[in-house]
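What follows is each chain in one-letter form.
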Amino acid sequence: MSVFNQSRSRIIRIIFLIAFVVIIAQLFYLQVIEGKYRQLAMDNAVYAKVVYPERGIIYDRKGKAILNNTIIYDLMVTPAEVKGIDTMDFCRLIGIDTAEFKKRILEARFKNTAVRPSIFKGLLTKEIQARFEENSWKYPGFNLVERPLRTYPFNAGAHILGYIREADTKDIENSGSFYRQGDYIGKTGLESYYEKVLMGQRGVEYMIKDNKNRLVGHYENGAFDTASIAGRGLRTYIDVELQQLAEKLMTNKVGGLVAIDPKTGGILAMVSGPNFNPNDLTGSDGSKNFSRMQLDVTGPMLNRAIGGKYEPGSTFKPLGALVALDEGVITPSYGYPCGGRYTLCGHGKPACTHAGGGHAANVRLSIANSCNAYYAHVYRLAVDNPKYDNVKLGYLKWKEYMNAFGLGVRLGIDLPNESAGGIPDTSVYNKENAGRWTSCTNLTLGIGQDKMQTTPLQMANAMCIIANKGYYYTPHFVEKIDGETDEDTTLMNKFRVRHNVLTQIADTAFNEVIEGMNDVVKFGTARIAQIPGIDVCAKTGTAENYTILDGRRIKLPNNSMFVCFAPKENPKIAIAVFVQNAGFGSTWAGPISRIMIEKYLNDTLMTKSKADLERIASTDLMPAYFKRLQYKEDSTRAFKWFQTTKDSSYIKKYISTLYGPVSPSPGKVPVPAKKEIRTLAILPADKNFRKTDLQKRS
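Residues numbered from 1 in each chain as written. Predicted model: local features only at pLDDT ≥ 70, side-chain atom pairs only at ≥ 80, totals over all residues. Heavy atoms only, no water.

A few points about the sheet that holds strand β17 (residues 552–566)
Stage number 1. Taken together, the five strands give an open sheet; going across it, the order is β12-β11-β18-β17-β16, and neighbouring strands pair in antiparallel fashion. Edge positions in the sheet fall to β12 (267–273) and β16 (537–549), since each of these pairs with one other strand and no more. Ignoring strand direction, the axes of neighbouring strands in this sheet form an average angle of 10°.
Stage number 2. Both strand β11 (residues 255–260) and strand β18 (residues 573–579) contribute to a ladder of six bridges, which runs antiparallel. Among the inter-strand pairings, Ala259 is bridged to a residue of β18, identified as Ile575. (Pairing = 2+ DSSP bridges. Helix = DSSP H or I, 4+ residues; strand = E, 2+ residues; numbered from the N terminus. Axes fitted to C-alpha atoms, helices over the stretch in contact; angles between N-to-C directions.)

So, in structure tokens, the structure goes:
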């Protein structure tokens, strides 16, 4: 080939190569560079606004909405879009400083990336919302998003209904990233247990933004929007009027109250004391109130109705009688010659409030008069039953009965954090007694003491079992779910199953115990619970109570307990009331129960009951030692803060100084003595400042 032809061939190849490169470059520009700018332009012009659904509404048994929704706004930020704003002006508008502004922007970037919206300030007050809407054009990257806010129209049911909070990192991880930063999730109560039903499904609206960052309309007329789907409602057994009454009765008291319909297991009312207004945990002050209550040593956020563990005391005796009757170790006519205390274990304990006169001549009388010696002996007869060969096997059989009554096990209520209480295993006594123990070792189990621990829920359920003569339904709040699905049915089925746990016990045994409990009200220890026209069956209880304070074991006032059901025939309500440090069961817990029964069955109160209601509600029975515990907690926390930050502002009120006058020498100016430190704070490691003689004189 000639040199000319070779040169022309190379030129043609170069031309094709250049053309190919140009085409590739153009394709790259069109598909990557321009596409990127188009997307950036799209991001700048269109805002993906999350539409949060309304959570499901919760209704009481009469169809009243006891947990509803209202609308409030969150201020959202997309950090990548925050450019050229007057930070000082913005901070003044929403009430924060610039350091807090920077912190929140960094948190948003870290938690949710710079290009995704995050909550900058949640649950705005109406004033801040209005100010921002007027000035939003100044602040690119910030937008308002509607947020359905939970509201409690009756200011009741805080421990039942629960509360919601923004999903944290753990919630998001546990959900497999189903929840996202900015979503809210049920944390306690029915809000948590029925989260999947109540939550609904979020939607998205694509909104066009103008050059001043204002939302001016839907992108493509909403063609790409997805609607939110509201959560579904819950229909409960709660009687909100009864609930409000119960909360009023338990004002300024520590303990728990549970009322159940024995025929369904539906919970009519539940209160834990001390209580709080559920609306305090919503809105712009919700976080502040939450933190305050978390630091309160009285535990207002603890649901003592399902989590508080108490010795049931004499309220346990009807259960002990049924076990002994079923085991055949006693008959209804069995009596015990109680002389005022139990002497067969050699130490004369426990003592009784009665002595002589046949007050424990049979089962009915023993319940009516609450004879301690009778039930200590009945317990021993049950666990020493010869058919079980030894006390350990007999005890295990007795423990089976306790578990069947729902003691020492979780019942499965539709609330989180239920306690199992405590019925000790034989291993506990083996360890404490080197494997050698007898029925005398723990005979006070027969009167609901020793190591027995129960919750108010468990004792209310035990009353349902007696009222129903051997069966119960798992205690629960929700009767049905709106638009129930197959998945819902699976969730609800466990509450619709009848548990025939003790139906093998003869009706004659149940009748004897029920009549004894009715006698308690007619002429026994619970005459305070009498209601004209209604046969009430009840049992009072009083248990000693101790605590450790400042290194000393202190005897506290007794716990006041009361369990009951009514009417005797065809029972419609069963109640357990535990009031800490309140004295005898008939003094406080008994009248509380009577007022509850009267209101539920008669839908009104007698004049006497109205007066008792006001007297009980206005009486403060909060244990005095809580003030000392709060002081210790606060002072310790303040001192730890001082150690960490060297900020002494929080410890000033816990440490004060005194100056002792010093007589001046002739011609000298008086000078103060050395500083002395008062005993005001309990500091870490239980170290105290001691008062000096100078301070004692002051």
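Re the state of the cysteines
Stage number 1. With the rule as written, the count across this model stands at one disulfide.
Stage number 2. For Cys345, the disulfide goes to Cys440, at an S-S distance of 1.9 Å. What sets the handedness of the Cys345 and Cys440 disulfide is the S-S torsion sign, and at about -85° it is left-handed. On the criterion of sequence distance, the pair formed by Cys345 in the loop between α12 (317–327) and α13 (363–368) and Cys440 in the loop between α16 (426–432) and α17 (456–467) is long-range, its members being 95 residues apart. (Disulfide = S-S within 2.5 Å.)

A closer look at the pattern of salt bridges
Stage number 1. In this structure the tally under the stated criterion is 28 salt bridges.
Stage number 2. A salt bridge links Glu432 to Lys451; the shortest N-O distance between them is 3.0 Å. Placement of Glu432 in helix α16 and of Lys451 in the loop between α16 and α17 is noted, with a sequence separation of 19 residues between them.
Stage number 3. One salt bridge in this structure joins Lys568 and Glu515, with 3.1 Å as the shortest N-O distance. Here Lys568, found in the loop between β17 and β18, pairs with Glu515, found in helix α19 (residues 507–522); they are 53 residues apart in sequence, far enough to count as distant.
Stage number 4. A relative accessible area of 23% means that Glu515 is categorised as partly exposed.
Stage number 5. Sharing partners across several salt bridges, the network here consists of Arg55, Arg150, Glu191 and Glu195. (Salt bridge = Lys/Arg side-chain N within 4 Å of Asp/Glu carboxyl O. Buried < 20%, exposed > 50% of the residue type's maximum accessible area, 1.4 Å probe, protein only.)

A look at the pairing of β11
Stage number 1. With respect to burial, β11 is a largely interior element, six of its six residues being buried.
Stage number 2. Going residue by residue along β11, you find Gly255, Leu257 and Ala259 tucked away on one face and Gly256, Val258 and Ile260 tucked away on the opposite face as well.
Stage number 3. The sheet contact formed by β11 and β12 spans six bridges and is antiparallel. In the strand pairing of β12, Leu257 is matched with Val271.
Stage number 4. With antiparallel pairing between neighbouring strands as the criterion, β11 and β12 make up a hairpin whose turn holds six residues, including Gly265 at a positive phi of roughly 80°.

Remarks on the nonpolar core
Stage number 1. Core analysis: the largest hydrophobic core is formed by 136 residues, its most contacted members being Tyr194, Met270, Trp398, Phe405 and Met596.
Stage number 2. Residue contributions to this core peak at nine residues, all from α17.
Stage number 3. Shared between two domains, this core holds at least three residues of each, these being domain 2 (49–235) and domain 3 (306–617).
Stage number 4. The residues contacting Met596, other than those within four sequence positions of it, are Leu242, Leu245, Ala246, Leu249, Leu257, Ala259, Ala269 and Ile575.
Stage number 5. Within the second largest apolar cluster, 19 residues are counted, among which are Phe90, Ile96, Phe120 and Ile128. (Core = buried A, V, L, I, M, F, W, Y, C linked by side-chain atoms within 4.5 Å. Domains from an automatic or database assignment. Contact = heavy atoms within 4.5 Å.)

Quick word on the packing of α12 against helix α14 (residues 372–383)
In a pair of packed helices, the angle between the axes and the distance between the axes together describe the arrangement.
Stage number 1. Interhelical geometry of α12 versus α14 gives an angle of 40° and a closest axis separation of 10 Å. Judged by the angle between their axes, α12 and α14 are oblique. Along this stretch, α12 crosses α14, giving a crossing that reads as left-handed. When α12 is examined against α14, the residues Lys317, Gly320, Ala321, Val323 and Ala324 are found in contact with a partner set consisting of Asn372, Tyr375, Val378 and Ala382.
Stage number 2. Looking at the contact of α12 with α14 residue by residue, the class counts come to six nonpolar, two polar and one charged. (Parallel < 35°, antiparallel > 145°, perpendicular 65-115°, else oblique. Left-handed = near helix turned anticlockwise from the far one by under 90°. Nonpolar A, V, L, I, M, F, W, Y, C, P; charged D, E, K, R; others polar.)

Some words on the confidence of the model for the chain
Stage number 1. Of the residues in the chain, 89% have a pLDDT of 70 or more, and the chain-wide mean is 87.
Stage number 2. Confidence drops under pLDDT 50 across residues 33–41; counting only partners more than four residues distant or on other chains, this segment forms four contacts.
Stage number 3. Between residues 657–698, whose pLDDT stays under 50, and residues either more than four places distant or in other chains, the model counts 62 contacts. (pLDDT = per-residue confidence, 0-100.)

Some details on helix α4 (residues 126–135)
Stage number 1. Looking only at α4, the buried set comprises Ile128, Gln129, Phe132 and Asn135. The buried residues of α4 occupy an angular sector of 140° when the element is viewed end-on, so they sit on one face. Of the residues in α4, the exposed ones pointing more than 90 degrees away from the buried face are Lys126, Glu127 and Glu134.
Stage number 2. Buried residues in α4 make contact with β3 (65–77), α2 (87–94), β4 (118–121) and β5 (142–151). (Arc of directions from axis to C-beta.)

Examining the pairing of β5
Stage number 1. Where burial is concerned, most of β5 is hidden: eight out of the 10 residues are buried.
Stage number 2. Where β3 and β5 come together, 10 bridges link them in antiparallel fashion. Within β5, the position partnered with Leu75 by the bridge is Leu144.

Points about the packing of aromatic side chains
Stage number 1. Scanning all chains against the criterion turns up 26 aromatic pairs.
Stage number 2. Plain terms: the ring middles of Phe120 and Phe142 are 5.3 Å apart, the flat faces sit at 85° to each other, and that makes the pair edge-to-face. Pair noted here: Phe120 is in strand β4 and Phe142 is in strand β5, with a separation of 22 residues, a long-range link. Here the two residues Phe120 and Phe142 agree in accessibility, since each one is buried. (Phe/Tyr/Trp six-rings, centres within 6.5 Å; stacked < 30°, edge-to-face > 60°.)

Description of α14
Stage number 1. With 12 residues, α14 should reach 16 Å at 1.5 Å per residue; the first-to-last C-alpha distance of 17 Å fits that figure.
Stage number 2. The buried count for α14 comes to 11 of 12 residues, which makes it a mostly enclosed element.
Stage number 3. The set of residues buried in α14 consists of Asn372, Ala373, Tyr374, Tyr375, Ala376, His377, Val378, Tyr379, Arg380, Ala382 and Val383.
Stage number 4. Buried residues belonging to α14 abut α12, α13 and α15 (391–404). (Expected span 1.5 Å × (residues − 1).)

So, the environment of Gly583
Stage number 1. As for its placement among the helices and strands, Gly583 is situated in the loop between β18 and α20 (589–602).
Stage number 2. Sequence separation of Gly583 and Ala543 is 40 residues, and the distance between their C-alpha atoms is 8.6 Å.
Stage number 3. Each residue touching Gly583, except ones within four places of it in the same chain, is listed here: Thr542, Asn558, Asn559 and Ser560.

What to know about the side chain of Glu418
Stage number 1. Within the secondary structure, Glu418 sits in the loop between α15 and α16.
Stage number 2. With no salt bridge to any partner, buried Glu418 finds its closest opposite charge in Arg410, at an N-O distance of 5.9 Å.
Stage number 3. A distance of 3.0 Å separates the side chain of Glu418 from the backbone nitrogen of Gly412, its partner in a polar contact.
Stage number 4. Not counting the four nearest positions on each side in its chain, Glu418 is found in contact with Ile306, Arg410, Leu411, Gly412, Ile413 and Leu457. (Lys, Arg positive; Asp, Glu negative; His and termini not counted. Polar contact = N/O pair within 3.5 Å; in protein donor to acceptor, adjacent residues only side chain to side chain.)

Points about the environment of Lys309
Stage number 1. The residue Lys309 is located in the loop between α11 (304–307) and α12 in this model.
Stage number 2. For Lys309, a relative accessible area of 46% gives the class partly exposed.
Stage number 3. Distance in space between the C-alpha atoms of Lys309 and Pro456 is 8.1 Å, their sequence separation being 147 residues.
Stage number 4. In this view, Lys309 contacts Ser419, Gly421, Gln453 and Thr454; residues no more than four positions away in its chain are not counted.

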